Protein chains: 2
Amino acid sequence: MNLKQLAHMLALSQTTVSRALNGYPEVNEETRRRVMDAAKRHGYRPNPSARRLATGKSGMIGYVLPTGAAVDIDPHFVEFLSGLGDYARAHELDLVLSPADADDQETTYRRIVANRQVDAVYISSPGPADRRVALVNTLGIPFIVHGRSEGSGFDYPYLDIDNEGAFREAARLLVQLGHRRLALINGDNRETFAIHRERGVRRALAASGLTLGDSHVCSVVMTEENGYRATRRLLEQDDAPTAIACSSLIMALGVVRAVRDLGLTIPGDVSLIAHDDVFPWLKPENFSVPLSTTRSSIRLAGARVAERLAARISGLEEGARGEVWPVDLVVRGSVAGAPG
Amino acid sequence: MNLKQLAHMLALSQTTVSRALNGYPEVNEETRRRVMDAAKRHGYRPNPSARRLATGKSGMIGYVLPTGAAVDIDPHFVEFLSGLGDYARAHELDLVLSPADADDQETTYRRIVANRQVDAVYISSPGPADRRVALVNTLGIPFIVHGRSEGSGFDYPYLDIDNEGAFREAARLLVQLGHRRLALINGDNRETFAIHRERGVRRALAASGLTLGDSHVCSVVMTEENGYRATRRLLEQDDAPTAIACSSLIMALGVVRAVRDLGLTIPGDVSLIAHDDVFPWLKPENFSVPLSTTRSSIRLAGARVAERLAARISGLEEGARGEVWPVDLVVRGSVAGAPG
DNA sequence: AGAGTCTTCCAAAGCGCTTTGGCTGTTTCG
DNA sequence: CGAAACAGCCAAAGCGCTTTGGAAGACTCT
């Protein structure tokens, strides 16, 4: 059942039927009703390929997926996707993942924009002066950045959580508890969130006249194994920290294991606070010692990004509005006063 | 730069240019070369919307993503996606995720097929007589099932791992080590993989005249917390098992925690084998006691599914060929002889 | 009553590609 | 040498929608 048939059946022109269906004003309300009715009754659905060719709009949002044998997709992605999908479903938006060589994403961005394959894109895990953000900005497609890219020299729309504030508060709490030697086990510091978190810790320490020693901070890909190794390294050095801030629950698993392997305890010897993106399958309250966390649902962020993308597509949102969400600090058993 | 302009520039008809570019035979080789050359020089890329409208082919593969506030996307998904994307990139295929109400995926399947939005789809985590498989089969779109759906009454193409064999071998090893009371902490038993794994364990036990008691098997969503709870329940009952087979590494985290909480040890009191889908961020060899596993890379499966989908799209693969991959049994420190 | 203004609808021209049906000139073969 | 076969190209008709530029009729206003 296509437009032509429907129009013929109603003894109307395709023009009128199309306008009736798309809510244009120049059509009699009764006619519109007749058309809507017939469309529903016959299950008419406009062919998206045809519509796309005519309008250039695709009803899809895009994401360039970096791939490659050495590239791992972050498990956070799936939670973000959950939220995104949840919103997108309610608004009949599809999501297209365009796999790209991790080292050459530009080609793919150019392709999907030139081909008008998607109406908007989002970018995640940006780094400082991220090239993708600059590119997408000049290409002129609606977009939202999940995270921030500092030093780009222009404004852009983004959604981020207050990573600096979160880790500042976490560190401040630890300092208040008497800790003087803090350590930070961070994510890859080519990403802004890691930079912000480090800044947050440094600021909190500075406020009490303390510093974060070079040997007390490590930036690694957030795996359990890296959490373990970092912790071993930290705790086996001379001025071992008495408190650790950690950028992910998965790494925290490794931290806990390392602490135990060294015959130490949490929070007796080491206090621990980790960032929790809220996974359904791994919860901080279920750690052997319940884990204090800075908590922010990445799933909610996914839904919000979808919502804003939809708004930008339909012209409801414009400009370079940045949105920063506060982060909860949830104190559980893994923190205590400094030993000694 | 569109076809018309390119044709005009070459003083050829659109027909000839189109045919030259698409490798049709009825065009002089020299002409073809000229066309190909000019196309490359001017960076001509056929408009996919137009091509799609004309041919009905989209160059995309589809996946219906169940969503909803209560629906969690499996973290395995991201690894599968990694492999899929890796292959898809090399073949210029995009992946479109169509979010659907988890309780009504049929509408979405019908839509993406009717609209010809994708050239093929894959289905994951099927259950017995899965309705999606039947639906997609009748809709007549190329597809591959990742996993199996038994009792459908028809054949279909799939890729699965030998879950039964894997867990049979795992259980057999435990029995050989003298264990008489095994337990299985399984995934949701509405999914075929869980059924197969249980069957594998039962067969291995039966071969030695043993059985799997009802109180020794649990089917739960695969979270750390559920792994913990199941283990507590198992080990606190009267005829507690001395060995546990577990369907996922994430659940195994909970198992380990529960065993420790009960003051027991692995493998002293309890032997443990878990299935490992090979995550980059959580490795069995890094468990406090290195974990024995049945191992099969879900990422490789993703790549293979993409490969077969591409083959089916281009007509290279046909029929209902099923493919079952063997699973490695990797023995590490978490298994030992039965206590006592 | 005539000019202007709405309202409501339509024919037709795209959007950029593929594919059908045919046309021209050259080669092949009985 | 004439018919048949073939190679190589083209014009035009789709694919199914949106949108432009009217047109016809009803209505208002002077």
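Every value quoted in this text rests on a predicted model; they were computed, and no experiment measured them. (Residues numbered from 1 in each chain as written. Chains lettered and ligands numbered in written order. Predicted model: local features only at pLDDT ≥ 70, side-chain atom pairs only at ≥ 80, totals over all residues. Heavy atoms only, no water.)

(A) Main features of the protein's contact with DNA strand D. With respect to spatial proximity, 27 residues lie near DNA strand D, and among them A:Leu3, A:Ser18, A:Arg19, A:Tyr24 and B:Thr15 are the closest. Counting only atoms of DNA strand D within 4 Å of the protein, the sugar-phosphate share comes to 62%. In the model, a phosphate oxygen of DNA strand D is placed 2.9 Å from a nitrogen or oxygen of the B:Thr31 side chain. For the surface near DNA strand D, the secondary structure elements donating two or more residues are α2 (14-21) and α4 (48-55) of chain A together with α2 (14-21) and α4 (48-55) of chain B. (Near = heavy atom within 4 Å. Polar contact = N/O pair within 3.5 Å; in protein donor to acceptor, adjacent residues only side chain to side chain. Helix = DSSP H or I, 4+ residues; strand = E, 2+ residues; numbered from the N terminus.)

(B) Fine view of the sheet that holds strand β12 (residues 328-330) of chain B. Residue and element names in this part refer to chain B. If you trace the six strands from one edge of the open sheet to the other, you get β7-β6-β8-β9-β10-β12, paired in mixed fashion. Of all the strands in the sheet, the pair left with one neighbour each is β7 (217-219) and β12. Neighbour to neighbour, the strand axes of the sheet diverge by 15° on average, direction disregarded. In this fold helix α8 (residues 163-176) packs onto β6 (182-186), β8 (243-246), β9 (271-276), β10 (292-295) and β12, with an angle of close to 165° to the strand it touches most, β9. (Pairing = 2+ DSSP bridges. Axes fitted to C-alpha atoms, helices over the stretch in contact; angles between N-to-C directions. Contact = heavy atoms within 4.5 Å.)

(C) Broad picture of the pairing of strand β1 (residues 60-67) of chain B. Residues and elements named next belong to chain B. By the criterion of burial, β1 is predominantly enclosed, with seven of the eight residues buried. You can see the chain leave β1, run along helix α5 (residues 76-90) and come back into strand β2 (residues 94-101), and the turn it takes is right-handed. Taken together, the two bridges between β1 and strand β3 (residues 120-124) define a ladder with parallel strand orientation. When the bridges of β3 are listed, Gly62 appears paired with Val121. (Buried < 20%, exposed > 50% of the residue type's maximum accessible area, 1.4 Å probe, protein only. Right-handed = clockwise from strand over helix to strand, strands pointing away.)

(D) Looking closely at the relation of the copies chain B and chain A. Of the transformation superimposing chain B on chain A, the axial component is 0.1 Å and the angular component is 180°, with the fit at an RMSD of 0.1 Å. The transformation just described matches what one would write down for a two-fold rotation axis. Scanning chain B for the C-alpha nearest the rotation axis identifies B:Val96, at a separation of 2.1 Å. A symmetric contact is evident, with 100% of the interface residues of chain B recurring at the interface of chain A. (Least-squares fit on C-alpha atoms with pLDDT ≥ 70 in both.)

(E) Here's a closer look at the environment of A:Ala69. Examined against the element boundaries, A:Ala69 turns out to sit in the loop between β1 (60-67) and α5 (76-90). Between the C-alpha atoms of A:Ala69 and A:Asp101, which are 32 residues apart in sequence, the distance is 9.8 Å. Residues contacting A:Ala69, with those up to four places away along its chain left out, are B:Asp86 and B:Arg299.

(F) Summary view of the domain arrangement of chain A. All names here are of chain A. Entries for chain A in the domain assignment read domain 1 (3-46), domain 2 (60-161 + 300-325) and domain 3 (163-296). Just the C-alpha atoms count here: the centres of domain 2 and domain 3 sit 29 Å apart. Across the boundary between the two partners, domain 2 contributes 13 residues, which contact 16 residues of domain 3. Here domain 2 and domain 3 share an interface that buries about 1,100 Å² over both sides, 53% of which is from carbon and sulfur atoms. On the domain 2 side of the contact with domain 3, His76, Glu79 and Ile161 bury the most area, a combined 46% of that side's loss. Between the two partners, domain 2 and domain 3, sit one salt bridge. The partner of Arg199 in a salt bridge is Glu150, and the shortest N-O contact between them spans 3.1 Å. The tally of links between domain 2 and domain 3 comes to six residue pairs in polar contact (both at pLDDT 80 or more). Secondary structure elements with two or more residues in the side of domain 2 that touches domain 3: α5 and β5 (158-161). Within the side of domain 2 that touches domain 3, the residues separate by chemical class into four nonpolar, four polar and five charged. (Domains from an automatic or database assignment. Buried area = accessible area lost by both parts, 1.4 Å probe. Salt bridge = Lys/Arg side-chain N within 4 Å of Asp/Glu carboxyl O. Nonpolar A, V, L, I, M, F, W, Y, C, P; charged D, E, K, R; others polar.)

(G) Up close: unusual backbone geometry. Cis geometry marks the peptide bond from A:Ile266 to A:Pro267, where omega comes out at 0°. Relative to the helices and strands, A:Pro267 is located in the loop between α11 (249-261) and β9 (271-276). Although it is not a glycine, B:Ala129 sits at a positive phi angle of roughly 45°. The backbone of B:Val278 sits at a positive phi, close to 70°, despite the residue not being glycine. Locating B:Val278 in the fold gives a position in the loop between β9 and β10. For B:Val278, a relative accessible area of 30% gives the class partly exposed.

(H) Expanded view of the interface of chain B and chain A. Facing the 52 residues of chain B at the interface are 53 residues of chain A. Our count for the contact surface shared by chain B and chain A stands at five salt bridges. Put simply, A:Asp94 and B:Arg111 hold a salt bridge, and the shortest N to O gap is 3.3 Å. At the junction of chain B with chain A, the criterion picks out 24 residue pairs in polar contact (both at pLDDT 80 or more). Of all the elements in the fold, those that place two or more residues in the side of chain B that touches chain A are α4, β1, α5, β2, α10 (224-236) and α11 (249-261) of chain B. Its residues assigned to classes, the side of chain B that touches chain A comprises 26 nonpolar, 11 polar and 15 charged. Pairing of strand β2 (residues 94-101) of chain A with β2(B) involves three bridges; the strand directions are antiparallel. The partner of A:Leu97 across the bridge, within β2(B), is B:Leu95.

(I) A look at the state of the cysteines. All names here are of chain B. For the structure on display, the rule yields zero disulfides over all chains. Unpaired in terms of disulfides, Cys246 finds its nearest cysteine sulfur in Cys218, a separation of 9.0 Å. On the accessibility criterion, Cys246 (0% relative accessible area) is buried. (Disulfide = S-S within 2.5 Å.)

(J) Structural context of the protein's contact with DNA strand C. Close to DNA strand C lie 27 residues; A:Thr15, B:Leu3, B:Ser18, B:Arg19 and B:Tyr24 are nearest. A share of 60% is what sugar and phosphate atoms reach among the atoms of DNA strand C within 4 Å of the protein. One nitrogen or oxygen atom from the main chain of A:Asn28 is found 2.9 Å from a phosphate oxygen belonging to DNA strand C. In this structure, B:Ala50 approaches DNA strand C through a main-chain N or O atom, which is 3.5 Å from a base nitrogen. Put simply, the parts of the chain that give the surface near DNA strand C at least two residues each are α2 and α4 of chain A together with α2 and α4 of chain B. Of the residues contributing to the surface near DNA strand C, the split by class is 11 nonpolar, 12 polar and four charged.

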